Amino acid sequence: MRGQGITEAGLRKFKDILRAAGIAEEFRSLDCPADYSAVIGLPRERVCFLVIVKPVLYPHQVNQLAARYAQQRHGREERQDQRLLVLTSYLSKSALDLCVELGVCVLAENGNGYIRFERFLYEKFVHQKAPERNSPISIFSAKASRLPRAMLARWPAAWNQSELARSIGVSPGYVSTLVRRMLPISGSTLKIAVTKRGT
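Residues numbered from 1 in each chain as written. Predicted model: local features only at pLDDT ≥ 70, side-chain atom pairs only at ≥ 80, totals over all residues. Heavy atoms only, no water.

**Looking at the pairing of strand S3 (residues 47–57)**
Here comes step 1: Of all the eleven residues making up S3, nine are buried; the element is thus mostly covered by neighbouring parts of the structure.
Here comes step 2: Across five bridges, the pairing between strand S2 (residues 38–42) and S3 is antiparallel. Looking across to S3, one finds that Leu42 is bridged to Val47.
Here comes step 3: In textbook terms, the turn of a hairpin is the stretch between consecutive antiparallel strands, and for S2 and S3 this stretch comprises four residues, one of which, Arg46, has a positive phi near 55°.
Here comes step 4: Sheet topology note: the S3/strand S4 (residues 81–91) ladder contains ten bridges and is parallel. Within S4, the residue paired with Cys48 across the bridge is Gln82. (Buried < 20%, exposed > 50% of the residue type's maximum accessible area, 1.4 Å probe, protein only. Helix = DSSP H or I, 4+ residues; strand = E, 2+ residues; numbered from the N terminus. Pairing = 2+ DSSP bridges.)

If you want it as structure tokens, here you go:
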């Protein structure tokens with residue numbers, strides 16, 4: 001779920017959480033500054049949420065968002081309570097803790113989050129697996145071809161990951177990623193057999 005999809009799904013989840021708590025007020029879309037994806041007002045609650053979308057929210061991003069928001073608000077007098085609301089697909093526990101500490105409202109698609117205004121508090125965290133980062137590693141690249149070459153050079157001797165990484169000049173993490181890409185089925189093993197020509 002990206003961009004607009006995160007915004008729509010996140011706002012639906014936000015409304016569902018408020019309704020479940022007995023706050024059935026209609027949202028009002030307000031004029032939206034360029035820095036935000038949406039601005040949502042709850043007139044009876046006298047609170048306004050400035051919505052930002054981040055597909056994955058990391059702690060350093062929370063610090064940056066809170067600092068930028070504080071700088072934008074500096075010196076302005078608000079008629080109603082304004083809150084920053086970050087909608088995201090994935091939220092780590094450390095990012096959530098930092099949001100609570102800095103007063104940044106946040107909501108992930110699985111319901112993890114922190115929302116607070118005058119008479120409402122929502123805080124939830126259920127561990128979820130972090131999304132895999134898209135790695136540009138190709139098993140067909142020249143660098144990746146070092147792995148089977150090194151294994152075949154010492155065949156049938158066994159290798160461990162750190163020895164293999166040192167011998168081909170890459171990180172152990174790179175070796176691990178290559179092996180996972182070469183063996184996508186869980187429980188697979190890698191067996192390489194070489195026979196002599198003419199046998």
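Once you've had a look at it, read on.
**A closer look at the pairing of S2**
Here comes step 1: Among the five residues in S2, five count as buried, and that is most of the element.
Here comes step 2: Burial of the side chains of S2 extends over both faces: Ala38, Ile40 and Leu42 are buried on one face and Val39 and Gly41 on the other.

**Thoughts on the pattern of salt bridges**
Here comes step 1: All chains considered together, the criterion is met by two salt bridges.
Here comes step 2: Note that Glu45 and Arg119 form a salt bridge whose closest N and O atoms lie 2.8 Å from each other. Of this pair, Glu45 sits in the loop between S2 and S3 while Arg119 sits in the loop between strand S6 (113–117) and strand S7 (120–124), and the two are 74 residues apart along the sequence.
Here comes step 3: What makes Glu45 buried here is its relative accessible area of 11%. (Salt bridge = Lys/Arg side-chain N within 4 Å of Asp/Glu carboxyl O.)

**Points about the packing of helix H2 (residues 59–73) against helix H3 (residues 93–102)**
Here comes step 1: Contact geometry for H2 and H3: axes closest at 8 Å, N-to-C directions at 20°. Judged by the angle between their axes, H2 and H3 are roughly parallel. Of the two possible hands of crossing, H2 and H3 adopt the one that is right-handed. Every residue of H3 that contacts H2 at Pro59, Val62, Asn63 and Ala66 is listed here: Ser94, Ala95, Leu98, Cys99 and Leu102. (Axes fitted to C-alpha atoms, helices over the stretch in contact; angles between N-to-C directions. Parallel < 35°, antiparallel > 145°, perpendicular 65-115°, else oblique. Left-handed = near helix turned anticlockwise from the far one by under 90°. Contact = heavy atoms within 4.5 Å.)

In short, shape yes, function no, at least from these values alone.
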